[in-house]
Amino acid sequence: MTQDGFRKVIMPARYIQGAGALREIGNYAKQFGFKPFVVSGKTAFSRVKSELLAGLKAARAPMVGHDDSVTECTYEKIDEIVRDAGRLDADLIIGCGGGKAVDTAKAAADKLGIPVVTVPTQCATNADQMADAVIFTEDHRFVEDYYLSRAPALVLVDTEIVGLAPVRFLVQGMGDALASGFEKPAYAASMKARKCDDLAAASALEVNLECFSVLMAHGIQAKKDAERGDITESLEAVIEAIKLMSGFGFGGGGCAAAHAIHNGLTSLPGVQRKHGEVVAYGTLVQMVLEDRPTGEIERVMRWCKELGLPIRLSELGDVDPDLLPIAAEKACNPKDTMSNMPFLVTPMSVLDAMREVERLAGVLA
Ligand SMILES: [Zn+2]
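A brief look at the structure comes next. What you are looking at is a predicted structure, and each value in this text was computed from that prediction instead of being measured. The written sequence of each chain sets the order in which its residues are numbered from 1. The predicted nature of this model means local features are confined to residues of pLDDT at least 70 and side-chain atom pairs, given and counted, to a pLDDT of 80 or more, with totals for whole chains, interfaces and linings taken over all residues. Excluded from the side-chain calculations are hydrogens and water; all other atoms, namely the structure's heavy atoms, are used.

1. What about the coordination of the zinc ion?
Here comes step 1: For the zinc ion, the protein coordination sphere consists of D176 (OD), D176 (OD), H259 (NE2) and H275 (NE2), at 2.1 to 2.7 Å.
Here comes step 2: For Na, K and Ca the donor cut-off is 3.2 Å, while for other metals it is 2.8 Å, and in both cases only N, O and S atoms qualify; water is not among them, so sites may look incomplete. Site shape is set this way: if four donors have all angles between 85 and 135 degrees, tetrahedral; if opposite donors are over 155 degrees apart and all others between 65 and 115, square planar for four donors and octahedral for six; otherwise irregular. The site at the zinc ion holds 4 donor atoms, and with the angles between them running 51 to 142 degrees, its shape is irregular.
Here comes step 3: Between consecutive donors of the zinc ion, the numbers of intervening residues give the motif D-x82-H-x15-H. Residue H259 is found in helix α9 (residues 257-265), and its partner H275 is found in helix α10 (residues 275-289); the two are separated by 16 residues along the sequence.
Here comes step 4: Note on classification: 1.4 Å probe, protein chains only; a residue is buried when its accessible area is under 20% of the maximum for its type, exposed when over 50%, partly exposed between these limits. Take H259: its relative accessible area is 12%, and that puts it in the buried class. Per the convention used, a helix needs a DSSP run of H or I reaching at least four residues, while a strand needs a run of E reaching at least two, with both numbered from the N terminus.

2. Points about the packing of aromatic side chains
Here comes step 1: The pairing test for Phe, Tyr and Trp rings, Trp by its six-membered ring, is centres within 6.5 Å, and the orientation test on the planes gives stacked under 30 degrees, edge-to-face over 60, and tilted for anything in between. Overall, the coordinates contain 3 aromatic pairs when judged by the stated rule.
Here comes step 2: Ring centres of F136 and F142 lie 6.2 Å apart, and the angle between their planes is 75 degrees; on these two criteria the pair is classed as edge-to-face.
Here comes step 3: Its relative accessible area of 18% is what places F136 among the buried residues.
Here comes step 4: In this arrangement the basic side chain of R168 is found over the ring face of F169, its NZ or CZ atom lying 4.6 Å from the centre. Charge-over-ring placement is defined geometrically: NZ (Lys) or CZ (Arg) within 6 Å of the ring centre, and within 35 degrees of the ring normal.

3. What to know about the sheet that holds strand β4 (residues 65-67)
Here comes step 1: Strand order in the open sheet formed by 6 strands is β2-β9-β6-β5-β3-β4, and the pairing between neighbours is parallel. On the outer flanks of this sheet lie β2 (14-18) and β4, each paired with one strand and no other. The average undirected angle you get between the axes of adjacent strands in this sheet is 15 degrees.
Here comes step 2: A pair of strands is treated as paired once DSSP finds two or more bridges between them. As judged from the 2 bridges shared by strand β6 (residues 116-120) and strand β9 (residues 154-158), these two strands associate in the parallel manner. If you follow V117 over to β9, its bridge partner there is L154.
Here comes step 3: It only takes one pair of heavy atoms within 4.5 Å for two residues to be counted as in contact. Between the N-to-C directions of two axes lies an angle of 0 to 180 degrees, each axis being a line fitted to C-alpha atoms and, for a helix, fitted only over the stretch in contact. Each of β3 (36-40), β4 and β5 (92-97) touches helix α3 (residues 75-87); the most contacted strand, β3, lies at about 160 degrees to it.

4. A closer look at the nonpolar core
Here comes step 1: Grouped together as the largest cluster of nonpolar side chains are 72 residues, with contacts concentrated most on L178, I261, L265 and M338.
Here comes step 2: With 9 residues, the top contributor of residues to this core is helix α7 (residues 202-228).
Here comes step 3: Lining this core are residues from two domains, each supplying at least three of them: domain 1 (14-162) and domain 2 (167-364).
Here comes step 4: Not counting the four nearest positions on each side in its chain, L265 is found in contact with V271, V278, Y281, L313, L316, L324, A327 and M354.
Here comes step 5: We call a set of buried residues a nonpolar core when its members are Ala, Val, Leu, Ile, Met, Phe, Trp, Tyr or Cys and they connect through side-chain atoms within 4.5 Å of each other. Residues V70, I93, A101 and A105 belong to the second largest nonpolar core, which totals 20 residues. What fixes the domain bounds is an automatic or database domain assignment.

5. What about the side chain of T104?
Here comes step 1: Mapping T104 onto the fold places it in helix α4 (residues 99-112).
Here comes step 2: In this structure, T104 is in contact with V39, V70, E72, C73, K77, I78 and I81, ignoring residues within four places of it in sequence.

6. Quick notes on the environment of K195
Here comes step 1: Tracing the sequence through the fold places K195 in the loop between α6 (167-193) and β10 (198-200).
Here comes step 2: Spatially, the C-alpha atoms of K195 and G219 are 36 Å apart, while their sequence positions differ by 24 residues.

7. Focus on the pairing of β5
When a strand is regular, its side chains alternate between the sheet's two faces.
Here comes step 1: With 6 of 6 residues buried, β5 lies mostly within the body of the structure.
Here comes step 2: By the alternation rule, side chains of β5 split into L92, I94 and C96 and I93, G95 and G97, which are all buried.
Here comes step 3: With 5 bridges connecting them, β3 and β5 associate as parallel partners. By the bridge assignment, V39 is partnered in β5 with G95.
Here comes step 4: In terms of strand pairing, β5 meets β6 through 5 bridges, oriented parallel. The residue bridging G97 from the neighbouring strand is P120, located in β6.
Here comes step 5: Orienting the strands away from the viewer, one traces the path from the first strand over the helix to the second; a clockwise path indicates a right-handed crossover. Each parallel crossover has a hand, and the one from β5 via α4 to β6 is right-handed.

8. Focus on the pattern of salt bridges
Here comes step 1: Take a side-chain nitrogen of Lys or Arg and a carboxyl oxygen of Asp or Glu: if they are within 4 Å of each other, that pair is a salt bridge. Here the structure, examined in full by the defined rule, presents 19 salt bridges.
Here comes step 2: The salt bridge partner of E227 is K223, with a shortest N-O separation of 3.8 Å. Of this pair, E227 and K223 are both found in helix α7, 4 residues apart, which corresponds to roughly one turn of the helix.
Here comes step 3: When the shortest N-O distance is used, the salt bridge between R273 and E277 registers 3.0 Å.

Right under this line is the structure:
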């Protein structure tokens, strides 16, 4: 019997989510190390500091040092943390904050060969659980994806912290997570058809599809609850969808057209929306490329509209329509994730799909 490839799943060893979870950090963290070094940005550190330090101390695993000056995930910053944490003989890194801080923490821990615990303070990203770090320059130019030898040992999501962060982060996180319900199936189909080495695991595919269902069922309610400062079942469900389900078993692959369209559009001047917001728009374009039924596209579009996610180009910022062919060309770069689509996508078909999204958005208005 021949085997076409390997079903690969990479995920955190532990995931803990709930209101007040941070108070338990010491008990969980000490399973991985007793000399933690904390990495974060300034705002995040001020939000978690008292409970984090008290929790670690109570578990007899007090913080041995910290760096709360992360503003960008750069190799310079990672090396600085490796030096400082190494000098203090830290045996565990705890990364607190948004994507940049946790990516920096993950990469530093990887270089040190010690485990990392991530404690997100907002919901715009699922970086907390991923086994890679996106490296930038100090002036926010993309350098490369740094792949870790393992995913975080623990992702600890205190819903009182992420659920009460500014609501725009939650919406951005939903926009990004929305894509997984479409990109992962496209990726899976493509890998299978091409007999690639990396096959999507059926479990990962199911969880990504379930992520989409949770977002549709609870997304709008979760936003309302977060606006009122209420940690409800809907909000908990959506936080889990963003933080765990969207990247479940990602294994270093799984993006497709939605992220490629994001990458194309954000190469243009004038796009003001954040990552998850542009990815949500890219998902609508992918749905058109896939020739999905109009009713299905309209349902997702209505959901996006109600959440305040962009459904037309003018909502992305000040985008010059004459530059769209450049974005479409870039989206179809063979090195980008458009190549994970199970059929050929050309710059022309991307432009046609964008026009169709525009038309559907007009009908919806
Ligand atoms: Zn994304």
